[in-house]
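What follows is the residue order along each chain.
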Amino acid sequence: MKIAIEERSWVEIDLTAFQDNLQLLKGYLRPGQSFMQIVKADAYGHGAKEIAEIAIAQGAAYLGVANLEEGKLLRIQGIQAPILILSPSLSTEIKQIIHYDLSLGVADLDFATVLAKAAVKANKTIKIHLNLDTGMHRSGICFEEAMALYDEVSALPGLEIEGVFSHFASAENDSDFSRLQESRFAEFVQALEAAPRFVHLSNSAGLIHGYAAFCNLVRLGISSFGVKTTDEELGLKPVMTFKSTLSQIKEFKAGDSVGYQRQWIAKTSGRYGIVPVGYADGYDFLLSNKAMVLINGCMCPVIGRVSMDMITVDISQIPEARISDEVVLLGKGDEALRAEHIASLYQGSAYELLCQVGRRARRYYRDKAHILHSSPLARRDFVSSDFGDSKLSQIISSALAQRLDSPEIGELIYREILRTFFYNKDRDVHYRKNFRHEIRFDKSDAPAYYRAETTLRYKKVLNADHFVIACAASSDILQGYILRTDVEYRWLLDSDKQFKAENFQLNAVKVNGIDLKTKIKSGDGYLEILCSHPKLQKLINREVEFEINTNTLYPTTSHQFSVFITELTRGVEISFSYPQQLSHVEAVTVFSGQQKNPPIQRADHRIMLKTSEDEWVFPISGVVFCY
Ligand SMILES: *Cc1c(COP(=O)(O)O)cnc(C)c1O
């Protein structure tokens, strides 16, 4: 599908070019070597998820990120490949690192000890890569002390040293120093009794220069994005192209100045265009009076200072230029548009340029011929845990309104349907599984009543060490119980029945087979049974099986018995058995959710309905057995 781009400025990410670059770079790997795709800083501004997916398909053994946040985001986006955090992590981040199954670089015994404790507590093994400083003198343990650290860390429980690595300071242009770093690292690796699974040193430039041949992993960053850091002409293609449009065309006369501080003065008369990007978009201020942009196949100089939101370009040589013509600021189209060239104009870094470009712009992903999809402007995928409950509610309701193109219907659906799940904004959503409800009607000693025995079984996450079973004499009182989060089971006494505690008996209430203690409290029109047990404390936040068995008297004149599904439920089975004298019973169902017409089965004096185990039923469902 082709999307018409309506943005003032935008970034195109050519995924085919990225794939081609990887193919080319893989040619430099030695037998037995694989690569880690570096996707830190949102894959140098290219989009970490999209880049990671292609790299994995191309055989990447690992992904490298800078910190917890970046790794977490990839996990939330569904990336399952191993992810290594390259920069030093903080002890405050450990819990989440474990939770999101990230590996991390380690260079410090105190930190490793804290990490090991957390691993043991969580009953997990954390994969770590020991980070050696072989001369860059940034992060990492100094190579001379690395062996001692290796031994100490090896002895800690809960940690697996999956890798050892180091980083080149200047693989691009200093072969003597790189060889020194290489030999220090090699010496360490050779001294190990057994090398860990991953041994890695080279970045892009290290790979291209053929360093670290003894390693089995290479960390690929900048070159995979088509930026050269060495002089070799490898045929790498820029992956990112930053574009904008001509938004206004004007003329200048000899002697006119253009822009802030009058830093450009016209020598002759001519035409110039306004392009709506500036340093706030990541177009560097230092490109003032230096860079060139591509319009209609012609390279045009940037004249005057780069402003926050605009630049001015001399278009005197292209009289055919019109407002809304495309302007290429960086990327493909001309050698002078390559990031490494543009960065060299102000002695800047191509790495930085890629990371900062298109800060405000929407990113479009494309293959050879088509735009595939785009990423949101904010450059930050939606992470629901970043938001509080009330903010989330706002987002959900405005998303609905937007999707339905009607604030009114959106609001209505939000209020009427979602509230059934969320009730009040701070209430957790509970759900039940394998819900089995058996009702048996029998003759009782009281002539006007049936004895109704009900057995209810279901699985659910326990959220407290106690809960309430409630019996109400009126639907108003029942309504109050529906809103209460501590009530597990509610019963509405038939209204003609005088409210008496003996009409509602709790035979047994169990959680995972534990017989709970009960305490009865009754008042005007209600009966509450508090169920608890000290053993429940340990089961909180675990899925447990509830079993509730009751005995009640039910008027023969009522002619109906209702069961309501009050929580989101997966897999429902409700059966109703009745005595001989009831010759005919009908089940009237009102079900919403995946199964709207649960099949009804009949057997001897028994009627049953059942949904399959994996079908969700919504809490506005129920069945009425009419007799
Ligand atoms: C960023 C980074 C890389 C990638 O370097 P390039 O020069 O972009 O290939 C490799 N290793 C580490 C530790 C890094 O931080």
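Cut-offs applied
- Note on numbering: residues in each chain are counted from 1, in written sequence order.
- Residue-level local features of this predicted model are given only where pLDDT is at least 70; pairs of side-chain atoms are given and counted only at 80 or more, and the full residue set underlies all totals for whole chains, interfaces and linings.
- In computing side-chain properties, one takes all heavy atoms of the structure into account and sets aside hydrogens as well as water.
- Per the convention used, a helix needs a DSSP run of H or I reaching at least four residues, while a strand needs a run of E reaching at least two, with both numbered from the N terminus.
- For a compact globule the rule gives 2.2 Å times the number of residues to the power 0.38, and the radius of gyration it is set against comes from C-alpha atoms.
- Throughout, exposure labels follow a simple rule: accessible area from a 1.4 Å probe, protein chains only, divided by the maximum for the residue type, with under 20% read as buried, over 50% as exposed, and the rest as partly exposed.
- Think of it this way: Lys and Arg go in the positive column, Asp and Glu in the negative one, and His and the chain ends go nowhere.
- The working definition used for a salt bridge is a side-chain nitrogen of Lys or Arg within 4 Å of a carboxyl oxygen of Asp or Glu.
- Only heavy atoms matter for contacts: two residues are in contact if any of them lie within 4.5 Å across the pair.
- In short, DSSP must find at least two bridges between two strands for them to pair.
- Comment: axis = line fitted to C-alpha atoms, over the contacting stretch for helices; angle = value between 0 and 180 degrees taken between N-to-C directions.
- Any two of the Phe, Tyr and Trp rings considered here, Trp counted by its six-membered ring, make a pair once their centres fall within 6.5 Å; the pair's planes then place it as stacked at under 30 degrees, edge-to-face at over 60, or tilted in between.
- We call a charge positioned above a ring when the Lys NZ or Arg CZ atom is no farther than 6 Å from the ring centre and deviates by at most 35 degrees from the ring normal.
- In plain words, nonpolar cores are sets of buried Ala, Val, Leu, Ile, Met, Phe, Trp, Tyr and Cys residues tied together by side-chain atoms within 4.5 Å.
- By convention here, the domain bounds are inherited from an automatic or database domain assignment.
- We call a residue near a molecule or strand when any one of its heavy atoms sits within 4 Å of it.
- Polar contact is defined as a pair of N or O atoms within 3.5 Å, subject to the rule that within protein one atom must be able to donate a hydrogen and the other to accept it, and that residues adjacent in sequence are counted only when both atoms are side-chain atoms.
- A 1.4 Å probe and the Shrake-Rupley method give the accessible areas. Residues count as covered only by the protein chains that appear here.
- Throughout, the ten residues Ala, Val, Leu, Ile, Met, Phe, Trp, Tyr, Cys and Pro are labelled nonpolar, Asp, Glu, Lys and Arg are labelled charged, and all others, Gly among them, are labelled polar.
- Reported orientations rely on four angle classes, namely roughly parallel under 35 degrees, roughly antiparallel over 145, roughly perpendicular from 65 to 115, and oblique for the rest.
- Whether a crossing is left-handed or right-handed is set by the direction in which the near helix is turned from the far one by less than a right angle, anticlockwise for left-handed and clockwise for right-handed.
- Here the quantity called buried area is the accessible surface, traced with a 1.4 Å probe, that two parts lose on coming together, added over both.

Turning our eyes to something else, we now look at the overall build of the protein chain. Along its length, the protein chain carries 14 helices and 35 strands. Computed over C-alpha atoms, the radius of gyration of the protein chain comes to 34 Å, more than 25% over the 25 Å expected from 2.2 N^0.38 for 627 residues, which places it beyond the range of a compact globule. Across its three principal directions, the C-alpha atoms of the protein chain cover 110 × 70 × 40 Å. Out of the 627 residues in the protein chain, the part that is buried amounts to 49%.

Another aspect to go through is the side chain of Asp325. Locating Asp325 in the fold gives a position in the loop between strand E16 (311-314) and strand E17 (326-330). Nearest to the buried, unbridged Asp325 among oppositely charged side chains is Arg322, at 6.7 Å. If we ignore the near neighbours within four places in the chain, the residues touching Asp325 are Ser244, Thr245, Leu246, Ile295, Asn296 and Glu320.

The sheet built from three strands is open, its strands ordered E29-E35-E31 with antiparallel pairing. The open sheet has two edge strands, strand E29 (560-565) and strand E31 (586-590), and neither has a second partner. Going across the sheet, the axis of each strand differs from the next one's by a mean of 15°, ignoring polarity. Sheet topology note: the E29/strand E35 (residues 621-626) ladder contains six bridges and is antiparallel. Bridge assignment links Ile565 to a residue of E35, and that residue is Ser621.

Tallying each qualifying case throughout the model produces 27 aromatic pairs. Here a set of aromatic residues connected by ring pairs shows up, and it is made of Phe441, Tyr450, Trp491, Phe504, Tyr554, Phe561, Phe576, Tyr578, Phe625 and Tyr627. Across the ring face of Tyr458, the terminal group of Arg432 is positioned such that the distance to the ring centre comes to 4.2 Å.

Another aspect to go through is the nonpolar core. Within the largest apolar cluster, 113 residues are counted, with the highest numbers of intra-cluster contacts made by Val293 and Ile311. Shared between two domains, this core holds at least three residues of each, these being domain 1 (14-225) and domain 2 (240-362). Core analysis: the second largest hydrophobic core is formed by 45 residues, Cys471, Leu493, Ala587 and Tyr627 among them.

By nearness alone, every residue bordering the ligand is listed as Ile38, Lys40, Tyr44, His167, Asn203, Ser204, Arg219, Gly221, Ile222 and Tyr351. For the ligand, an oxygen atom lies 2.6 Å from a polar atom in the side chain of Tyr351. The protein chains hide 93% of the 390 Å² of surface that the ligand would expose on its own. Residues that form the shell around the ligand fall into these classes: four nonpolar, four polar and two charged.

Moving on, we get to the sheet that holds E16. Sheet strands pair by backbone hydrogen bonding; their relative direction is either parallel or antiparallel. Spatially, 10 strands are ordered E12-E13-E16-E15-E14-E17-E11-E1-E18-E19 in an open sheet, and the strand pairing comes out mixed. Each edge of the open sheet is held by one strand with a lone partner, namely strand E12 (248-252) and strand E19 (371-375). For this sheet, the mean angle separating the axes of adjacent strands, direction not counted, is 35°. In this sheet, strand E11 (residues 240-245) lies alongside strand E1 (residues 9-14) in antiparallel orientation, the contact comprising five bridges.

All right, on to helix H4 (residues 68-76) then. A turn of α-helix holds 3.6 residues, and therefore any two residues three or four places apart point the same way. H4 sits mainly inside the fold: seven of its nine residues count as buried. Considered for burial, the residues of H4 that qualify are Leu68, Glu70, Gly71, Lys72, Leu73, Leu74 and Arg75. On its buried face, H4 sits against helix H2 (40-45), helix H3 (48-57), strand E3 (62-65), strand E4 (83-85) and helix H5 (94-99). Capping the start of H4 is the job of one residue whose side-chain oxygen sits 3.3 Å from the backbone nitrogen of Glu69: Asn67. A positive backbone phi angle near 95° is found at Gly78, which sits one or two residues after H4.

A few words now on the pairing of strand E26 (residues 517-523). Sheet analysis places E26 next to strand E27 (residues 526-532), joined by seven bridges and oriented antiparallel. Residue pairing across strands places Gly523 opposite Tyr526, the latter belonging to E27. Hairpin connection between E26 and E27: a loop of two residues separates the two successive antiparallel strands, and Gly525 in this loop has a positive phi of roughly 80°.

Turning our eyes to something else, we now look at the pairing of strand E14 (residues 292-295). Judged from the four bridges that link them, E14 and strand E15 (residues 298-303) form a sheet pairing that is antiparallel. Looking across to E15, one finds that Ile295 is bridged to Cys298. Here E14 runs beside E17; their pairing, made up of two bridges, is antiparallel. Considered in E17, the bridge of Ile295 is made with Val327.

This next bit is on the packing of helix H1 (residues 15-26) against H3. Running from N to C, H1 and H3 point in directions that differ by 40°, and their axes come no closer than 10 Å. Taken together, the axis directions place H1 and H3 in an arrangement best described as oblique. At the point where H1 passes H3, the crossing takes the right-handed sense. The residues of H3 that touch H1, namely those facing Leu15, Phe18, Gln19 and Leu22, are Glu50, Ile51, Ile54 and Ala55. Classifying every residue of the contact of H1 with H3 gives six nonpolar, one polar and one charged.

This part is about the domain arrangement of the protein chain. We note that the domain assignment places domain 1 (14-225), domain 2 (240-362), domain 3 (384-423) and domain 4 (432-626) within the protein chain. Domain 1 puts eight residues into the contact, and the matching count from domain 2 is six residues. Roughly 650 Å² of surface becomes buried between domain 1 and domain 2 when both sides are summed, with 64% attributable to carbon and sulfur atoms. For the pair domain 1 and domain 2, the interface holds one salt bridge. A salt bridge links Lys332 to Asp14, with the nearest nitrogen and oxygen atoms 2.5 Å apart. The element contributing the most residues to the side of domain 1 that touches domain 2 is H2, with three residues.

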